[in-house]
Number of protein chains: 4
Amino acid sequence: MGLTAAVAGASGYAGGELLRILLQHPEVEVGALTAGSNAGTRLGEHHPHLVPLADRVLADTSVESLAGHDVVFLALPHGQSAALAAGLPETTLVIDCGADFRLEDPAAWQKWYGGEHAGTWPYGLPELPGQRAALRGARRIAVPGCYPTVVSLALVPALAADLVEPDDLVVVAASGTSGAGRSLKPHLLASEVMGSTSAYSVGGVHRHVPEIEQNLRRVASGPLRVSFTPLLVPMPRGILATCTARVKPGVDAARARAAYAEAWADEPFLQLLPEGTWPTTASTIGSNSVHAQVAVDERAGRLVVVAAIDNLTKGTAGGAVQCMNLALGLPEQTGLTATGLAP
Amino acid sequence: MGLTAAVAGASGYAGGELLRILLQHPEVEVGALTAGSNAGTRLGEHHPHLVPLADRVLADTSVESLAGHDVVFLALPHGQSAALAAGLPETTLVIDCGADFRLEDPAAWQKWYGGEHAGTWPYGLPELPGQRAALRGARRIAVPGCYPTVVSLALVPALAADLVEPDDLVVVAASGTSGAGRSLKPHLLASEVMGSTSAYSVGGVHRHVPEIEQNLRRVASGPLRVSFTPLLVPMPRGILATCTARVKPGVDAARARAAYAEAWADEPFLQLLPEGTWPTTASTIGSNSVHAQVAVDERAGRLVVVAAIDNLTKGTAGGAVQCMNLALGLPEQTGLTATGLAP
Amino acid sequence: MGLTAAVAGASGYAGGELLRILLQHPEVEVGALTAGSNAGTRLGEHHPHLVPLADRVLADTSVESLAGHDVVFLALPHGQSAALAAGLPETTLVIDCGADFRLEDPAAWQKWYGGEHAGTWPYGLPELPGQRAALRGARRIAVPGCYPTVVSLALVPALAADLVEPDDLVVVAASGTSGAGRSLKPHLLASEVMGSTSAYSVGGVHRHVPEIEQNLRRVASGPLRVSFTPLLVPMPRGILATCTARVKPGVDAARARAAYAEAWADEPFLQLLPEGTWPTTASTIGSNSVHAQVAVDERAGRLVVVAAIDNLTKGTAGGAVQCMNLALGLPEQTGLTATGLAP
Amino acid sequence: MGLTAAVAGASGYAGGELLRILLQHPEVEVGALTAGSNAGTRLGEHHPHLVPLADRVLADTSVESLAGHDVVFLALPHGQSAALAAGLPETTLVIDCGADFRLEDPAAWQKWYGGEHAGTWPYGLPELPGQRAALRGARRIAVPGCYPTVVSLALVPALAADLVEPDDLVVVAASGTSGAGRSLKPHLLASEVMGSTSAYSVGGVHRHVPEIEQNLRRVASGPLRVSFTPLLVPMPRGILATCTARVKPGVDAARARAAYAEAWADEPFLQLLPEGTWPTTASTIGSNSVHAQVAVDERAGRLVVVAAIDNLTKGTAGGAVQCMNLALGLPEQTGLTATGLAP
């Protein structure tokens, strides 16, 4: 327990999940907890499940309140991280769960988020080819978005093994509501969500599109085009991504499975399920696992990869802690589990 | 109330929904109710919501029990309808909610269902181009499957207006659990479903694929290829279909909207939502409506159509009653509503 | 369709349910729709399920906008109804779905709601003994709260038949989220509600307590004491009330069932289920029915009555339309159904 | 990791939860996994969330397959445990999650379960007064039922401090569906459960009644009477118990809170929430915690205690591991957490 970690944005869902994981991490002690409009309130008011921290009072999010820790997690709306990070020593490990430092291309940032590009930090998806090296010893890390996490991991092996055409990827990803955060919006009310499925940000306008493309471009053999449609489904956690791509000639199901099996052979958190078994989001809840299965639809000429994660764990807070472990030289799985909570 | 209707398979979900609708139909009196293994039990044991019919005892499903009605609805597992229909007079309107008489191609039947092809009846999707004429006065009707209903309606206008390439359609359709019927299977238990989304019949192996293709072939300008992935989401009713296709050059969002607006201008149950509004399944529950919206993703080069229905109403029992109305010369909307039950 | 009805508060859940029912009412035409902060918006933005009214624009709630109708339904937060009603002619039927005119005792109003008591209108629960007479021809009606509706109906037969002691009634009522309205509060977010049950207003502090007592006092043979605990359960609609009372000597299950069967024999919307069948809220959804069952626990010395309703239908809007029918001399069931929508 | 543990009934929900917890227990290695009709199948088919054990093949449940472990957990239908336990050495710790050895009174067993009474083992609810001593060093332990766990813990402090009359306890407990196990019954299908609340075993006929009474009798100052009504609510896990009792003269809310605060001061898993905060089941999911709050309803003359647990964790498998720790001399909290998984 030599390390201390602060969490900015502790009253939100991502902040709560970070704390849930850190409470079971053997090397980390939870330090300052900060918030915006919830500063001054008890953590227990927002996260009654975090019993050991219930009486902690949230400080204002500021350089001062976050300073003096080994690790600082930022779980904030985009646009706030740069100023805080600038005020913290370069030796402090700063892990941003927001979007500010994910995109490499300033023009893409400008187009999709608007305003000035804050910069680019090492991208916190260790399972991307070559990415672990970039994270070891890093002191600034940008954690991926939840959709880019699962979609990128689902499609990278197929693109890297040249099984599919990169120019016509079609993804439909069904997400639980916590992905939208604790926003007080009518369409997120329980009365509206329970018993209902809907689509949103349809037509390629979701901000995670450029991030998905940036990841896939690393391994694609040609120009990329991604059609991405997110769905809101009535469950609190989880994403199920259905990812399809036109197969190249001669690619069949066996070859596709073999490519995934090989790519993930040494990955502790990426699970290619046994043949014939398809993922359920429930099996991943609370875990840092990705569950996936592949098929080739020969009539349609498409590979179909279905992958499930917990959006708050592997999709946000678990991924962040995995990066922390890598950055600090701890075993990558410390404090994380591949085992979900079901039913 | 001059007409009598029998329902075979009354203890299942489709049978229950038929009865719910028939109870509010001004021209129909509910006649015999029949079942397989549930014969001899009270309807109220299976459908306590159908208060006026609670004490009706279910007869055995047989030609004898179904004879003597103006209309006979069959809501049975596939393979049982042909023998029953053969025993009923040609003047009786027989409406099959199962798959037996949907496919035109005996080879397709053999491939997807196995066994001998029972034949082909007029296909009960009035909104398909030219189909109303085939249904008026018909005495045998094959009601479409739930997925083919929503997917076909969602894609026909785009194909008919030649907005998209027909050879790379990609559909992901999220369904509530009632679509699987009242089957006692572990993956349909509430403990497994609540909080979880999963995919099934992935890779183009769902039996609704040939039916979707058969419908779309009517209007497609070239060879069809459909990638279809069904999802099981935690809600009792509803399907949300996300349908995408590569747009032809020069097709933009305005032109796509105009094509749908024109195609559906006179359709009482097909609702193109106002621009910027995306469908939710909840809005269609209990109604015979289809809610849809379209977008063109210019980066990805794809049209995206999202459409919602209630799988038990428009997707099965409501569609069946709509066909009955047409066949019998009643106003098409009799006993049906475009208004859903929400929240 | 000689009658016109206005709905104030049309963008809320109660307003939406009123409109859903009125759309299927053969004698009523929907007139003005009004709202508070949502004035100026289209109804379809708030209730996409109400297809035929989607393009109606909401007016400001005011005497002017509501005047000129045969019936005015008020679905407003408490405190707003008195001024509106005062501005409408005495010949207009005004039906208040809020609390303002429910309580007879000014001191109770003052204690539970605060502020000045607006007065008392005929109480819109026709199934209370003697109450139909008070509603026939009435031009001002106060619709009961959702909990008082189901709890009162569940306990009146037992108290009226002197089966139980009135001084130790214990009620726990589980409600879906729409009972809380479309309020943007964190505990009503889907992420918080799905997968979770909680209690609220515990310890006898819910405002429906005095209303329940007022109803039961009509038939109780002695002083009343009611312990009432409401639960929030993860479903959009429905209330299941578990009501228990100490049985008087000699009262057994058969006698209890007989009392309920007799009390409800002629009630179109009150369903005593067959012996051994217990109510489910799902069976009542969208209907104006109450489903109930009774048991006597001889070891514990208590009668247990379990009753289910749809809080928005029988518990609010359906009850309101039932009262409208009575007040205007229409058959009581006009436009209403005893049949629920399930599954 | 010196200890080995076998789990009989590994393919059910209780078995799965035992394994989930044992996987994170630092002192236990998972040994044999056995099943009844699922023997011969892979664990991953039943519990895909238990990634590290996915390829384990289930053995037949028998003395032979269970022998040779330090600990044997039995998660079986009642009636099977006695023969297995008799075949295992007295030095083996056998922990029965079923009902066979819970009741002390053979007549009660005969009445509620039928057949011969197998005997009585030390009762595995450490928080009952004096019970820890009975569990330390024990080699046979009967884990409580899920309802008795939460109801007993909720009411013991009030009875022990003589705050309430013991002869008129009224409990309504809302449970998620996993409490019913993985049974293929129509009322447990997702289509039936989602959107619906119901009551079952009403009228004092649930088998957990005598167990609750046995526990409360330890501390009650007089004859006990318990009215117990279980509800099935649409969530996979969790129980929320609303427990009320007539208060004795002079007992107010402050005194009630003080009694609970004192009784639970040293209990690691029993959380009296801050004043004004009421428990939600979601906050306890996956944890071994009980969350509770108390109120006194002075008008009704009743104490109301609301308590939440995860039925599979504290209510079954977590409680079992807590007992194992006590029996084996390990710190009681080893491998368990007070922190829930939410949202």
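Note that the structure is predicted; figures quoted are calculated from it, not measured. (Residues numbered from 1 in each chain as written. Chains lettered and ligands numbered in written order. Predicted model: local features only at pLDDT ≥ 70, side-chain atom pairs only at ≥ 80, totals over all residues. Heavy atoms only, no water.)

Trainee: I would appreciate a short explanation of the environment of V30 of chain D in the present structure.
Mentor: Residues and elements named next belong to chain D. With respect to the element layout, V30 can be found in strand β2 (residues 28-35). With 296 residues separating them along the chain, V30 and L326 place their C-alpha atoms 19 Å apart. The contact partners of V30, leaving out residues within four places of it in the chain, are A5, L19, L22, L53 and R56. (Helix = DSSP H or I, 4+ residues; strand = E, 2+ residues; numbered from the N terminus. Contact = heavy atoms within 4.5 Å.)

Trainee: Could you clarify how one ought to interpret the interface of chain A and chain B in this entry?
Mentor: Interface extent is often summarised as the accessible area lost during association of the parts. Each side of the interface is counted separately: chain A has 47 residues, and chain B has 46 residues. Summing both sides of the interface, chain A and chain B together bury roughly 3600 Å²; the carbon and sulfur share of this comes to 59%. If you look at where chain A meets chain B, you find six salt bridges. When the shortest N-O distance is used, the salt bridge between D168 of chain B and R302 of chain A registers 2.7 Å. The interface formed by chain A and chain B contains ten residue pairs in polar contact (both at pLDDT 80 or more). (Buried area = accessible area lost by both parts, 1.4 Å probe. Salt bridge = Lys/Arg side-chain N within 4 Å of Asp/Glu carboxyl O. Polar contact = N/O pair within 3.5 Å; in protein donor to acceptor, adjacent residues only side chain to side chain.)

Trainee: Looking at this model, I keep getting lost on the pairing of strand β5 (residues 93-96) of chain D. Mind explaining?
Mentor: On a regular strand, one side chain projects to one face of the sheet and the next to the other, so that they alternate. All names here are of chain D. In β5, alternate side chains face the same way, and those of L93 and I95 on one face and V94 and D96 on the other are all buried. Looking at chain direction, strand β4 (residues 71-74) and β5 are connected through four bridges and run parallel. Within β5, the residue paired with F73 across the bridge is I95. In the classification by handedness, the crossover that spans β4, the intervening helix α4 (residues 81-87) and the parallel β5 is right-handed. Here β5 runs beside strand β6 (residues 140-142); their pairing, made up of three bridges, is parallel. The partner of V94 across the bridge, within β6, is R140. (Buried < 20%, exposed > 50% of the residue type's maximum accessible area, 1.4 Å probe, protein only. Pairing = 2+ DSSP bridges. Right-handed = clockwise from strand over helix to strand, strands pointing away.)

Trainee: Please clarify how the relation of the copies chain A and chain B should be interpreted in this entry.
Mentor: The operation relating the pair of chain copies consists of a rotation about an axis and a translation along that axis. Relative to chain B, chain A is turned by 180° and slid 0.0 Å along the rotation axis, the superposed coordinates differing by an RMSD of 0.0 Å. Classification of the inter-copy transformation places it as that of a two-fold axis. Proximity to the rotation axis, assessed at the C-alpha, singles out P234 of chain A in chain A; its C-alpha lies 3.1 Å from the axis. The fraction of interface residues of chain A whose copies in chain B are also interface residues reaches 98%, indicating that both copies meet through the same surface. (Least-squares fit on C-alpha atoms with pLDDT ≥ 70 in both.)

Trainee: Just checking my understanding: could you explain the domain arrangement of chain A for this structure?
Mentor: All names here are of chain A. Per the domain assignment, the segments making up chain A are domain 1 (3-143 + 314-328) and domain 2 (147-309). Computed from C-alpha atoms alone, the centre-to-centre distance between domain 1 and domain 2 is 24 Å. Buried surface at the junction of domain 1 and domain 2, summed over both partners, amounts to about 2400 Å²; 52% is from carbon and sulfur atoms. In terms of surface lost to domain 2, no three residues of domain 1 exceed Y13, W112 and K314, which account for 30% of the buried area on that side. Inspection of the region where domain 1 meets domain 2 yields three salt bridges. Across the pair R237 and E17 runs a salt bridge, and its minimum N-O distance is 2.6 Å. Taken together, the elements giving at least two residues each to the side of domain 1 that touches domain 2 come down to α1 (13-23), α6 (131-135) and α11 (313-328). At five residues, α11 tops the list of elements feeding residues into the side of domain 1 that touches domain 2. Residues of the side of domain 1 that touches domain 2, tallied by class, amount to eight nonpolar, nine polar and eight charged. (Domains from an automatic or database assignment. Nonpolar A, V, L, I, M, F, W, Y, C, P; charged D, E, K, R; others polar.)

Trainee: Explanation requested: unusual backbone geometry in the structure shown.
Mentor: Among all residues save glycine, negative phi is the norm, and among peptide bonds the norm is trans. Residue and element names in this part refer to chain B. Across the junction of A342 and P343, the peptide omega takes the value -5°, indicating a cis bond. Mapped onto the fold, P343 is located in the segment after α11 (313-328). Although it is not a glycine, S201 sits at a positive phi angle of roughly 45°. Mapped onto the fold, S201 is located in the loop between β8 (198-199) and α9 (208-217). Take S201: its relative accessible area is 26%, and that puts it in the partly exposed class.

Trainee: Explain the sheet that holds strand β12 (residues 290-297) of chain A to me, please; I cannot follow it from the model alone.
Mentor: Strand pairing in a sheet relies on backbone hydrogen bonds. The paired strands run either parallel or antiparallel. Residue and element names in this part refer to chain A. The seven strands are arranged β8-β9-β7-β10-β13-β12-β11 in an open sheet whose pairing can be described as mixed. Looking along the sheet, the strands with just one partner apiece sit at the ends: β8 (198-199) and β11 (270-272). Of the pairings in the sheet, the one linking strand β7 (residues 169-175) to strand β10 (residues 239-246) comprises six bridges and is antiparallel in character. Pairing of V171 across the sheet is with C243, part of β10. Seen against the sheet, helix α9 (residues 208-217) touches β7 and β9 (226-232) and runs at an angle of roughly 130° to β9. (Axes fitted to C-alpha atoms, helices over the stretch in contact; angles between N-to-C directions.)

Trainee: Teacher, can you tell me more about the packing of aromatic side chains here?
Mentor: For any pair of aromatic rings, the description consists of the separation of the ring centres together with the inter-plane angle of the planes. The tally for this structure, following the rule as stated, stands at 16 aromatic pairs over all chains. Where W109 of chain C meets Y113 of chain C, the ring centres are 4.2 Å apart and the plane angle is 10°; that geometry is what we call stacked. The burial state of W109 of chain C is the same as that of Y113 of chain C; both residues are buried. Ring geometry for Y260 of chain D and W264 of chain D: centres 5.5 Å apart, planes at 80°, overall edge-to-face. For W264 of chain D, a relative accessible area of 7% gives the class buried. Between the NZ or CZ atom of R140 of chain B and the centre of the ring of W121 of chain B, over which it lies, the distance is 5.9 Å. (Phe/Tyr/Trp six-rings, centres within 6.5 Å; stacked < 30°, edge-to-face > 60°. Lys NZ or Arg CZ within 6 Å of the ring centre and 35° of its normal.)

Trainee: Can you help me understand the relation of the copies chain A and chain C in this one?
Mentor: Once chain A is rotated about the relating axis by 180° and shifted along it by 0.0 Å, it coincides with chain C to within an RMSD of 0.0 Å. Residue by residue, 100% of the interface of chain A is reproduced at the interface of chain C, so both copies engage with the same surface.

Trainee: Could you clarify how one ought to interpret the UniProt feature "active site" (unreviewed entry) in chain A in this entry?
Mentor: All names here are of chain A. The positions UniProt marks with the feature "active site" (unreviewed entry) are C146. In this structure, C146 sits in helix α7 (residues 146-160). If we skip the residues at most four places from it in the chain, C146 touches H208, I239, I309, N311 and G315. (UniProt positions renumbered as here; feature names shortened; annotations may be inferred.)

Trainee: Help me understand the interface of chain A and chain C in this model?
Mentor: In this complex, chain A contributes 18 residues to the contact, which on the side of chain C involves 18 residues. With both sides pooled, the region where chain A packs onto chain C buries about 1500 Å², and carbon together with sulfur makes up 65% of that total. Broken down residue by residue, the surface that chain A buries against chain C is led by L184, L189 and M194 of chain A, which jointly contribute 40%. For the pair chain A and chain C, the number of links is two salt bridges. The shortest N-O distance in the salt bridge between E192 of chain A and R182 of chain C comes to 3.0 Å. Along the contact surface separating chain A from chain C lie ten residue pairs in polar contact (both at pLDDT 80 or more).

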